[in-house]
Amino acid sequence: MTDKDLETYIRYFPAWASSCTGVTNILLVNPDGGQESLMRGLFPGAQVISRTYPRIDLSREIEGKFDLAFVPNTIMCSVNPGAWLDNILRAVDEVWIQELV
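All of these numbers come straight from a predicted model, not from anything done at the bench.

Novice: Any chance you could explain the overall build of the protein chain here in plain terms?
Specialist: Assigned secondary structure in the protein chain consists of three helices and four strands. Listing the helices and strands of the protein chain from first to last along the sequence gives α-β-α-β-β-α-β. Here the C-alpha radius of gyration of the protein chain, 13 Å, is about what a compact globule of 101 residues would show, namely 13 Å. With the C-alpha coordinates of the protein chain rotated into their principal frame, the extents come out at 30 × 30 × 20 Å. A total of 101 residues make up the protein chain; the buried ones form 38% of that total.

Novice: Hey, could you run me through helix 3 (residues 81-91) in this one?
Specialist: Residues lying three or four places apart along an α-helix face the same way, a consequence of the helix completing one turn every 3.6 residues. Residues of helix 3 that are buried include every one of Trp-84, Asn-87, Ile-88 and Ala-91, and no others. In an axial view of helix 3, the angular spread of the buried residues amounts to 95°, which keeps them on one side of the axis. Away from the buried face of helix 3 by more than 90 degrees, exposed residues Leu-89 and Arg-90 are located. The elements touched by buried residues of helix 3 are strand 3 (66-72) and strand 4 (92-98).

Thresholds, definitions, all that
- Residues numbered from 1 in each chain as written.
- Predicted model: local features only at pLDDT ≥ 70, side-chain atom pairs only at ≥ 80, totals over all residues.
- Heavy atoms only, no water.
- Helix = DSSP H or I, 4+ residues; strand = E, 2+ residues; numbered from the N terminus.
- Rg over C-alpha atoms; globule rule 2.2 N^0.38 Å.
- Buried < 20%, exposed > 50% of the residue type's maximum accessible area, 1.4 Å probe, protein only.
- Arc of directions from axis to C-beta.
- Contact = heavy atoms within 4.5 Å.

Printed below as a string of structure tokens:
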């Protein structure tokens, strides 16, 4: 995560978080410490599960059901991003993605 990424998260994520009602179960995919801390701060009552490869492999079905997933700087690593997105979307109600463009 860059300083600019963090500035953007701090600016926009609180507004998104305030519009997310009933979020109790969050999946973080490959976050760094700052991203994980931010999500825990935005959703203090939620269970936050943080997974990195190989504990989570987006080319396979994701076990469990989540209200929200945050997937930063991950999809760009896929040889089949459509399949990865399909797997994420089957497991969560809402996805926040941050990627290099």
